[in-house]
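# Topology and contacts: notes
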Amino acid sequence: MGLSSEQKEAEKSLLLTTVEKMGRWAQKSSVWPATFGLACCAIEMMSVTNSRYDLARFGAEVFRASPRQADLMIVAGRVSQKMAPVLRTIWEQMPEPKWVISMGACASSGGVFDNYAIVQGVDHIVPVDIYVPGCPPNPEALMFGILKLQEQIIKGIPPKYQRMAMEAETL
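Per an unreviewed UniProt entry, the recorded name for the chain is NADH-quinone oxidoreductase subunit B, and the organism is Sulfobacillus thermotolerans. The Subunit (unreviewed entry) field of the UniProt record for the chain holds the comment "NDH-1 is composed of 14 different subunits. Subunits NuoB, C, D, E, F, and G constitute the peripheral sector of the complex." The UniProt entry for the chain carries the following text under Subcellular location (unreviewed entry): "Cell membrane".

Structure (structure tokens):
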């Protein structure tokens, strides 16, 4: 028994999914970064929103000045010991779920600044989900990092701080 033309047309226009998958798709498509540029990497972070790279294609163009409106923190540049508590406070003010991208060698490992004044890796302050290497990394590298983060979101991989909490509960 064949399908009627109305049934065939209905099959073409239906989309079946779960609420969880739809929620993850919406979350992936609307990642709003908090502006936290500290050094030369911040220039590259800002340039990713211009028309040449157009981060808006991926739903992440809305850089927010308030941490309460952002769910992604991009730490771009070196973090000094004095800035570390401020960075942690801003991260704590962000709503859950929240993600962190460490952009550049200085944010990831202290870079060439191996001294007492610079934190040797932002992961000592906040849990980092994605590391973007380079000194400074170009806008394409940051876009790649954001795309990798979106892949994690769509797969349902929780942010690093939630994975750490789950691991601590199992111990």
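Okay, the packing of aromatic side chains next. Scanning the entire structure with this criterion turns up one aromatic pair. Ring centres 5.6 Å apart and planes at 85° place the aromatic pair Trp-91 and Tyr-161 in the edge-to-face group. Of this pair, Trp-91 sits in helix H4 (residues 84-93) while Tyr-161 sits in helix H7 (residues 160-170); the two residues are 70 residues apart in sequence, bridging distant segments of the chain. By the burial criterion, Trp-91 is buried, and Tyr-161 matches it. Looking at Lys-98, its charged tip hangs above the ring of Trp-91, at a distance of 4.1 Å from the centre.

Residues at a pLDDT of 70 or more form 99% of the chain, whose mean pLDDT is 89. When pLDDT is averaged over each element of the chain, strand S4 (residues 130-132) comes out on top at 96 and helix H1 (residues 5-13) at the bottom at 78.

Here we take up the nonpolar core. If you look at soluble globular proteins, the nonpolar side chains tend to sit buried side by side. One finds Leu-72, Ile-74, Ile-101, Met-103, Leu-142, Ile-146 and Leu-149 to be the most contacted residues of the largest nonpolar core, which totals 20 residues. When contributions to this core are tallied by element, the ones reaching two or more residues are helix H3 (41-47), strand S2 (72-76), strand S3 (99-103), S4 and helix H6 (139-155). Counting residues per element, this core draws most heavily on H6, which supplies five residues. Ignoring sequence-local partners within four residues, the contact set of Met-103 consists of Cys-41, Glu-44, Met-45, Ile-74, Val-75, Ala-76, Gly-77, Val-132, Pro-137 and Leu-142. Grouped together as the second largest cluster of nonpolar side chains are 16 residues, Val-75, Leu-87, Val-100 and Ile-125 included.

Helix length check: H6, at 17 residues, gives a terminal C-alpha distance of 24 Å against a target of 24 Å (1.5 Å per residue), a fit within 8%. Looking at H6, one finds that the buried residues are Pro-139, Leu-142, Met-143, Gly-145, Ile-146, Leu-149, Gln-150, Gln-152 and Ile-153. At its buried positions, H6 is contacted by helix H2 (19-28), H3, S2, S3, S4 and H7. Gly-156 sits one or two positions beyond H6 and adopts a positive phi of about 85°.

Conventions adopted
- Residues numbered from 1 in each chain as written.
- Predicted model: local features only at pLDDT ≥ 70, side-chain atom pairs only at ≥ 80, totals over all residues.
- Heavy atoms only, no water.
- UniProt positions renumbered as here; feature names shortened; annotations may be inferred.
- Phe/Tyr/Trp six-rings, centres within 6.5 Å; stacked < 30°, edge-to-face > 60°.
- Helix = DSSP H or I, 4+ residues; strand = E, 2+ residues; numbered from the N terminus.
- Buried < 20%, exposed > 50% of the residue type's maximum accessible area, 1.4 Å probe, protein only.
- Lys NZ or Arg CZ within 6 Å of the ring centre and 35° of its normal.
- pLDDT = per-residue confidence, 0-100.
- Core = buried A, V, L, I, M, F, W, Y, C linked by side-chain atoms within 4.5 Å.
- Contact = heavy atoms within 4.5 Å.
- Expected span 1.5 Å × (residues − 1).

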